[in-house]
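Reading the structure
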Amino acid sequence: MQDAAVETSARELPRPRVASFALPALLFALLALTPLIGLVGPERYLLGLVTRAMIFAIAAIGLDLALGCGGLVSFGHAAFIGIGGYAAGILNVAGIDDVALVLAASLGASALFALATGSISLKTRGVHFIMITLAFGQMAYFVANSLKAYGGDDGLTLTNRVTLVGRDVFGGTYAFFYLVLALLILVYLSARAISASRFGRVLRGAKDNETRMAAIGFNPYPFRLTAYVISGVMAGLAGFLLAEQSEFVSPAFMTWQRSGDLIIMVMLGGIASLDGAILGALIVVLAEEMLAGVTEHWRVIFGPFLVLVALFARGGLIGLVRGRRHG
Amino acid sequence: MSTALLAVQTLNGLQLGVLLFLIAAGLTLVFGVMDFINLAHGVQYMLGAYFAVTFYGVTGSFLLALLLSLAAAMALGLLLEIVIFRHLYGRDHLDQVLATFGIILFVEEGVRMIFGPTSLSLPMPEMLSGAIELMPRLLYPIYRLAIIAAGIGVAILLYVLVNHTRVGMLVRAGASNAPMVSALGVDIGRLFMIIFGFGAMLAGFAGVMVAPILSVEPNMGDNLLILAFVVIVIGGIGSVRGAFIAALLVGLVDTLGRSFASDILRTVLSSSAANQAGPALASMLTYVLMAAVLFFRPAGLFPVRR
């Protein structure tokens, strides 16, 4: 164990891998071209689906930043999606539709929730951290259920999408698609920058060996809390987009199963590689839909696939693509 | 809140508590001794109920169905251990989460394919149907009392097994330091198998017991699994005694909270506010309890590992 940790850090600390821009660039290019399918057939439905997948990719990148980089396995990240979504929904009911205001509220609310729950949760480690984040996620879920004024457990239908200085620029399927893609790229690049920065290196150092980081003068707590808040804000952004896309928000956004799905996305793609989070989210959302088209019992196929990935593809699918870097 | 209602709800709370204990006991040992997160444990509870329905259909006897279901649940647990789980010991927790999550998807959908999506039910055994008068004008179903009795019986059996047998000694040693037990020459692989099969059987037992009173459906284990994790974290991972006390605590807090939260809130809030906040607070109580326990005693009420 000890040797492995030293070896990993020796390999990783000097220079984070910046070289591998090829795969994400390819992914983003493919995504950008998705609307072209519309030329071949009536694929508005597919466009909506890919938009949804990209939204989950944003949340998965957020989770990967906490989970992969910081070793903080949050089992309550769906709460941020819900909070981002509910902020948009509640402002819509109040008649506020300006994108800047709504976005600020969504992200602000997620940040506050992350700060409050993170400052308590980060006192614990390992499995206990998993469980305490689950607890906070469930609390948020039940609060959403009890919001009778905003639909209770039925959820809340938004009357319209957000507007930019009073104009409806995000209403169209294509406009919204490219908005989400642009935000996905932005989130990805920021997460990458964060991961490669000194801040990211401290996080990874604390994940590998907390005692060593403390010995060289770093208290990991503020670093972890910051990472947790950033991660929560990214998931909150995804929640905002999800509410805007479906013009609907409900407690179902924040069930523990949804939090589990996010972890599965990150794990499937490959932990601590932000590319993997995108890949995992796309595969989970798209495979679910495609397999469901083949057979209603698609889980019988998808379940064993996950087992095989866990057993044989250490480091997730991205590990297979890149060849084994982590043994 | 009348005394009769309080008594009934306390009994209901105990009943939920012993069910949680049956599930949590296996979970906490598997987690504590093998350091293995088994999300598929809830599936084993669900399968117990389906086995009971199937075997009852074949044999027509509740007792025979119970015995056959226990054997089947244990066999299935052992099969999973041999084919999949043993390759994941010592791996990252998240690999285990991914694999066991895949198993949940597969088994639940498989059950849905075989038995159909509608829920099934098991008739209550003749001998245990009916109700008895606990207090004047307070009737309580005998079967529910039987569940409580069975749960407490299992708890006593486990106490004896864990504290007064050789295997139990190894289990306790394994929970506090598994590599050391292995280094002392104990066949740790076999110990793991025994614990796994036994845990699966207990979860299956819980499934059989609830089959007559709950609807038997493919996702019946999902929410109970999460509650069982809450229980083992509150109790202290690896501690059977902790699991027992935490299970009763969670069962009582959850049941009594749901019945009385609105009433209690009404003493400090307006009636409408209490009616709105009550159910939310009641659902939250177990999680508030867990968060508080983790905050003040991060290793749970009965910590095992140092």
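Residues numbered from 1 in each chain as written. Chains lettered and ligands numbered in written order. Predicted model: local features only at pLDDT ≥ 70, side-chain atom pairs only at ≥ 80, totals over all residues.

A few points about the overall build of chain A
Of the regular secondary structure elements, chain A holds 15 helices and two strands. In terms of overall dimensions, chain A is globule-like: its C-alpha atoms have a radius of gyration of 20 Å, near the 20 Å expected for 327 residues. The principal-axis extent of the C-alpha atoms belonging to chain A is close to 55 × 45 × 40 Å. Of all 327 residues assigned to chain A, the portion counted as buried reaches 47%. (Helix = DSSP H or I, 4+ residues; strand = E, 2+ residues; numbered from the N terminus. Rg over C-alpha atoms; globule rule 2.2 N^0.38 Å. Buried ≥ 20, exposed ≤ 12 C-beta atoms within 10 Å, placed from the backbone.)

Examining the interface of chain B and chain A
Listed as interface residues are 33 residues of chain B and, on the opposing side, 36 residues of chain A. Elements represented by at least two residues in the side of chain B that touches chain A include exactly helix H4 (93-115), helix H8 (220-235) and helix H10 (271-296) of chain B. Top contributing element to the side of chain B that touches chain A by residue count: H4 of chain B, with 14 residues. (Contact = placed C-beta atoms within 7 Å.)

Some remarks on the confidence of the model for chain A
Mean pLDDT over chain A stands at 87; residues scoring 70 or higher make up 91%. Low pLDDT, under 50, characterises residues 1-16 of chain A; the stretch is placed with nine contacts to residues that sit more than four places away or in other chains. (pLDDT = per-residue confidence, 0-100.)

Concerning the environment of Ser259 of chain A
Residue and element names in this part refer to chain A. Here Ser259 shows up in helix H12 (residues 256-269). Residue class for Ser259 comes out buried when judged on the 26 C-beta atoms lying within 10 Å of it. Sequence spacing of Ser259 and Gly137 is 122 residues, and the spatial spacing of their C-alpha atoms is 8.4 Å. If sequence neighbours within four positions are ignored, Ser259 has contacts with Phe75, Gly76, His77, Ala78 and Gly137.

Section: the pairing of strand S2 (residues 138-141) of chain B
Regular strands place their side chains on alternate faces of the sheet. All names here are of chain B. Pairing analysis gives four bridges linking strand S1 (residues 131-135) to S2, with the strands arranged antiparallel. If you follow Met135 over to S2, its bridge partner there is Leu138. Hairpin remark: S1 followed by S2, antiparallel, with two residues in the connecting loop; positive phi at Arg137, about 65 degrees. (Pairing = 2+ DSSP bridges.)

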